[in-house]
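Commentary on secondary and tertiary structure
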Amino acid sequence: MPNHSGATKPGYYWQCNRNPGHWKTFAAACGIGLVKFMYRLAEKNWDQRKLAIKCTDCQKGVMRINYHFPRSANPEQIEVRRIVGLNNKGRTYLPMLWEGKPLNGKDTWFDFKYVGRSDSGKYESYGLSKPAVFKKRELRNLFELYSKIAGVGRFP
Ligand SMILES: [Zn+2]
């Protein structure tokens, strides 16, 4: 669905919670691409406030990252609510846990993803369509970080 500037929706985009016609690419919403955005989020210790930005089309709504899952038939549109990840895996691998809410559902979904950087520093997004892999200890660290940031008790 093109927006008012005629652009086609990419796989991941920012959408207003008041008007689905208000959506922007990462470049338009943040001035940087998705992978760089995730590395910046990691540098900011997963500051969740970065995941909600004021809609510049209506000045009232909040824009969040949206995507569709699965990518095949009958996908759900998911609005991302939280993202946490592990910063200590080196600069080439940034594994994450995304919590999102399907637009037509109540329960949130948890999606393991990663982004990366090549040795030369180029940002790489192919990990978005593959699950991140964790050791047991890392999974525990990830869940502890999620619990702390989400302000919930023990998770899961
Ligand atoms: Zn709006």
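Here the structure is shown first, and the text comes after it.
Rules behind the numbers
Residues numbered from 1 in each chain as written. Predicted model: local features only at pLDDT ≥ 70, side-chain atom pairs only at ≥ 80, totals over all residues. Core = buried A, V, L, I, M, F, W, Y, C linked by C-beta atoms within 7 Å. Buried ≥ 20, exposed ≤ 12 C-beta atoms within 10 Å, placed from the backbone. Helix = DSSP H or I, 4+ residues; strand = E, 2+ residues; numbered from the N terminus. Pairing = 2+ DSSP bridges. Expected span 1.5 Å × (residues − 1). Contact = placed C-beta atoms within 7 Å.

1. Quick look at the nonpolar core
Residues M38, L41, I83, V84, L94, M96 and L97 are the most contacted members of the largest nonpolar core, which totals 28 residues. Here the element with the most residues in this core is helix α2 (residues 34–43); it accounts for six residues.

2. Some details on the pairing of strand β7 (residues 109–117)
Direction of pairing for strand β6 (residues 93–102) relative to β7: antiparallel, over a ladder of eight bridges. Considered in β7, the bridge of M96 is made with K113. What sits between the antiparallel neighbours β6 and β7 is a turn of six residues. The pairing of β7 with strand β8 (residues 123–124) spans two bridges and is antiparallel. Counterpart to G116 in the pairing with β8 is E124. Between β7 and the antiparallel strand that follows it, β8, lie five residues; G121 among them carries a positive phi value of about 100 degrees.

3. Side note on helix α3 (residues 136–150)
If you check α3, its first and last C-alpha atoms are 21 Å apart, about what 15 residues at 1.5 Å a residue would give, namely 21 Å. After α3 finishes, the residue G151 shows a positive phi value of roughly 65 degrees.

4. Focus on the pairing of strand β4 (residues 62–69)
As paired strands, strand β1 (residues 12–16) and β4 are joined by five bridges and run antiparallel to one another. Note that in β4 the partner of C16 across the bridge is M63. Judged from the two bridges that link them, strand β3 (residues 53–54) and β4 form a sheet pairing that is antiparallel. Among the inter-strand pairings, I53 is bridged to a residue of β4, identified as M63.

5. Some thoughts on the environment of V35
Note that V35 resides in helix α2. Judged by the 21 C-beta atoms lying within 10 Å of it, V35 falls in the buried class. Separated by 48 residues in sequence, V35 and I83 have C-alpha atoms that sit 13 Å apart. Leave out the neighbours within four places in its chain, and V35 touches V115, Y123, E124 and S125.

6. Section: the environment of K60
Position of K60 relative to the elements: it lies in the loop between β3 and β4. Under the C-beta neighbour-count criterion, K60 is labelled exposed, with 12 such atoms within 10 Å. Once the C-alpha coordinates of K60 and R18 are considered, the two residues, 42 residues apart in sequence, prove to be 7.8 Å apart. Ignoring any residue separated from it by four or fewer positions in sequence, one finds K60 in contact with R18 and C55.

7. Comments concerning unusual backbone geometry
Cis geometry marks the peptide bond from F69 to P70, where omega comes out at -10 degrees. You can see P70 is positioned in the loop between β4 and β5 (76–85). Residue P156 follows F155 across a cis peptide bond; omega there is 5 degrees. Not every positive phi belongs to a glycine, and N45 is a case in point at roughly 55 degrees. Along the chain, the position of N45 falls in the loop between α2 and β3. Of note in this structure, N74 is not a glycine but carries a positive phi near 50 degrees. By the element assignment, N74 lies in the loop between β4 and β5. The exposure class assigned to N74 is exposed, which follows from the 6 C-beta atoms found within 10 Å.

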